[in-house]
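In case you want the letters, here they are:
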Amino acid sequence: MDPIEIGLWVSGGLLLMVVLGMRVAFAAAMAGLIGLIWIFWSKKGMQWSELDWALTVAIKTAGQVPHSKVSSQTLSLIPTFILIGFLAYYAGLTRALFEAAKRWIAWLPGGLAVSTVFATAGFAAVSGASVATAAVFARIAIPEMLSIGYNKKFAAGVVAAGGTLASLIPPSAILVIYAIIVEQDVGKLLLAGFIPGAFSAIVYAILIVGIATIWKNVGPPVTGFTWKQRFASLPAAMPIFAVVIIIIFFVYNPFGDAWGTPTEGGAVGAFIVFLMALYRGMRWAELKDALLETAKLTVMIFTIIWGVLIYVRFLGFADLPGAFADWISGLEASPVLILVCILLAYAVLGMFMDAIGMLLLTLPVVYPAVMALNGGEFVSAADSAFGMSGPMCAIWFGILVVKMAEFCLITPPIGLNCFVVAGVRPDLSVQDVFKGVTPFFIADAVTIALLVAFPSIVLWLPSLAG
């Protein structure tokens, strides 16, 4: 049996384990280790006397992965970004942000829901975790919406959908993971997420206003705030914007050299929010909770990365990514049509897998295929299929797949954000949240279509960084 056949059998076994409910991290690590043993053993003619040698080499090969990746400086971005979000919550910045958005925007039809979307977008700019964003605003925004007569399913759907914006708006843990897997510049990827993230929030807002205008009882407007009250709400929300600006300048400084690395920007941002939390009276118990929650989420993400990278190491020996890339680039269909089919496949896969696991398992195979479809990693814009250079195609595709990961956070039956909102609000069932989030599928489909049709929405900021 040749390596590609082994790769297909092992990949099929991995999918079966995931479908049967095994955790992605453990399923991927087991599949990768078995695959490595199989590959090395096959090189020795599958002789029983050589099985011990194949087992030893496979274990050594797999064992190198955790240390080699955990020592990567890029991975240190993830805990700092997650910590910023938890500290911002304990500093009261989330409620201040929501209050400011409410006073300025709630006069629109469905205005409190629109305020929630923009507040989640603002919180996403200091938090890399979609689940944390959904949990926080389920506590803050849903009670306020229900108190003025909002439909409870719609209110829950708004929070679940708004929480997904943290996947795209930097600092984003998923964008960092994408950069690690495909070995691209994390700074440019973070920059690329700003405009599509803001664009997604605007599309959500337009959808909400349209729904509230047509069905008056869904989301009544809130009026009565004076200009003095509106301006008075801004100072309490300013620290969030300060952190965003700092992170941007550590990634890209339009007036000169960047202030440092994205990792340093995340650390400085976390320190500033920590000082703000202390100033606002955060106690030891709250700091302990923030650190513990950050550690739990970080360990979960790192474990998935380690497990999947063992599988990725096996894929390299099996040459499955290269074979898939050759097959994709040999198809006679339009490159854009093939890309759309790949994105649709992500939409289906996301119904059965969590976002991070889905990206980690598929990118090692799909990413080389998309790059080959465009003409290769080093192709110029003039010679490419999508009208962009290889590095720009990597950034564009990254934003597209992360947007698909956002979409998967609200699609049944796995939609994690929907389960989180239902878990925080005992008066809401998971079915209620899934029903409430359904209109946002249309908004996401429109956003993805526009990002595919107009790549400049994604690539304008990264192009400025050179």
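Residues numbered from 1 in each chain as written. Predicted model: local features only at pLDDT ≥ 70, side-chain atom pairs only at ≥ 80, totals over all residues. Heavy atoms only, no water.

Of the protein, the UniProt comment under Subcellular location (unreviewed entry) reads exactly: "Cell inner membrane". (UniProt positions renumbered as here; feature names shortened; annotations may be inferred.)

Student: Which residues make up the overall build of the protein, and what values go with them?
Tutor: When helices and strands are counted, the protein shows 22 helices and zero strands. The C-alpha atoms of the protein give 23 Å as radius of gyration, which agrees with the globular expectation for 466 residues (23 Å, within 12%). Considering only C-alpha atoms, the protein reaches an extent of 80 × 50 × 50 Å along its principal axes. Put simply, of all contacts in the protein between residues at least 6 apart along the chain, 76% involve residues at least 24 apart. Element-wise, carbon and sulfur atoms account for 69% of the exposed surface of the protein, whose accessible area totals about 19400 Å². (Helix = DSSP H or I, 4+ residues; strand = E, 2+ residues; numbered from the N terminus. Rg over C-alpha atoms; globule rule 2.2 N^0.38 Å. Contact = heavy atoms within 4.5 Å. Areas by Shrake-Rupley, 256 points an atom, 1.4 Å probe, with all protein chains shown as cover.)

Student: Got a sec to walk through the environment of threonine 223? Specific residues and values, please.
Tutor: Tracing the sequence through the fold places threonine 223 in the loop between helix H10 (186-214) and helix H11 (227-232). A sequence separation of 173 residues divides threonine 223 from glutamate 50, and the C-alpha atoms of the two residues are 77 Å apart.

Student: Any chance you could break down a nonpolar patch on the surface for me, citing the residues and the numbers?
Tutor: Together, Met22, Phe26, Met30 and Ile34 line one region of the surface with nonpolar side chains, adding up to about 370 Å² of accessible area. Take methionine 30: it is sitting in helix H2 (residues 24-43). (Patch = residues over 30% accessible without salt bridge, like charges linked within 9 Å, V, L, I, M, F, W, Y side chains within 5 Å. Salt bridge = Lys/Arg side-chain N within 4 Å of Asp/Glu carboxyl O.)

Student: Quick one: what's the story with the domain arrangement of the protein, residue by residue and with numbers?
Tutor: Note on interface size: it is often stated as the accessible area lost on association of the parts. Assigned domains of the protein: these are domain 1 (1-71) and domain 2 (76-297). Summarising the inter-unit geometry, the C-alpha centres of domain 1 and domain 2 are found 40 Å apart. (Domains from an automatic or database assignment.)

Student: Talk me through helix H5 (residues 93-105); I want residue IDs and the actual numbers.
Tutor: With 13 residues, H5 ought to run about 18 Å at 1.5 Å a step, and its terminal C-alpha atoms sit 18 Å apart, in line with that. When H5 is considered as a whole, its buried residues turn out to be Leu93, Thr94, Ala96, Leu97, Phe98, Ala100, Ala101, Lys102 and Ile105. (Expected span 1.5 Å × (residues − 1). Buried < 20%, exposed > 50% of the residue type's maximum accessible area, 1.4 Å probe, protein only.)

Student: Quick one: what's the story with the nonpolar core, residue by residue and with numbers?
Tutor: Ranked by internal contacts, the top residues of the largest apolar core, which has 174 residues, are Ile78, Tyr346, Phe397 and Val421. Lining this core are residues from two domains, each supplying at least three of them: domain 1 (1-71) and domain 2 (76-297). When near neighbours in sequence (up to four residues on either side) are disregarded, phenylalanine 397 contacts Tyr178, Leu339, Tyr346, Leu363, Val366, Tyr367 and Val370. (Core = buried A, V, L, I, M, F, W, Y, C linked by side-chain atoms within 4.5 Å.)

Student: Break down the packing of aromatic side chains for me, with residues and values.
Tutor: Taken as a whole and judged by the stated rule, the model has 15 aromatic pairs. Between tryptophan 227 and phenylalanine 231, the ring centres sit 6.3 Å apart and the planes meet at 35°, which makes this aromatic pair tilted. Taken as a pair, tryptophan 227 and phenylalanine 231 lie in helix H11 at a separation of four residues, close to a single helical turn. With a relative accessible area of 53%, tryptophan 227 lands in the exposed category. (Phe/Tyr/Trp six-rings, centres within 6.5 Å; stacked < 30°, edge-to-face > 60°.)

Student: Tell me what's going on with the state of the cysteines, and back it up with residues and numbers.
Tutor: By definition, a disulfide links the sulfur atoms of two cysteine residues through a covalent bond. Scanning the model with the defined rule gives zero disulfides in all. Summary of cysteine pairing: cysteine 408 is not part of a disulfide, and the nearest cysteine sulfur, belonging to cysteine 418, is at 12 Å. (Disulfide = S-S within 2.5 Å.)

Student: Outline H2, listing residues and values.
Tutor: In this model H2 runs 28 Å from its N-terminal to its C-terminal C-alpha over 20 residues, within 8% of the 28 Å that 1.5 Å per residue would give. Turning to H2, its buried residues number three or more, namely Val24, Ala25, Ala27, Ala28, Ala31, Gly32, Gly35, Leu36, Ile37, Ile39, Phe40 and Trp41.

Student: Mind laying out the packing of helix H9 (residues 173-182) against H10, listing which residues take part and the relevant values?
Tutor: Viewed as axis vectors pointing N to C, H9 and H10 meet at an angle of 140°, and their least axial separation amounts to 9 Å. On the basis of their axis angle, the class for H9 and H10 is oblique. Between H9 and H10 lies a crossing of right-handed hand. Between H9, through Leu175, Val176, Tyr178 and Ala179, and H10, the contact on the second element is made entirely by Val186, Leu189, Leu190 and Gly193. Residues of the contact of H9 with H10, tallied by class, amount to seven nonpolar, one polar and no charged. (Axes fitted to C-alpha atoms, helices over the stretch in contact; angles between N-to-C directions. Parallel < 35°, antiparallel > 145°, perpendicular 65-115°, else oblique. Left-handed = near helix turned anticlockwise from the far one by under 90°. Nonpolar A, V, L, I, M, F, W, Y, C, P; charged D, E, K, R; others polar.)

Student: With reference to specific residues and values, describe the pattern of salt bridges.
Tutor: Going through the model one piece at a time under the given rule, you end up with eight salt bridges. In this structure, aspartate 432 and lysine 152 form a salt bridge, with 4.0 Å as the shortest nitrogen-oxygen distance. Of the two residues, aspartate 432 is situated in helix H20 (residues 430-437) and lysine 152 in helix H8 (residues 152-163); the sequence distance between them amounts to 280 residues. Exposure remark for aspartate 432: the relative accessible area of 12% places this residue in the buried category. For lysine 152, a relative accessible area of 35% corresponds to the partly exposed category. For the salt bridge of lysine 296 with glutamate 293, the shortest nitrogen-to-oxygen distance reads 3.7 Å. Residue lysine 296 and its partner glutamate 293 are located together in helix H14 (residues 284-318), separated by three residues, close to a single helical turn. On the basis of relative accessible area, lysine 296 is assigned to the exposed category, the value being 54%. Through salt bridges with shared partners, a single ionic network connects Glu99, Lys102, Arg103 and Glu144.

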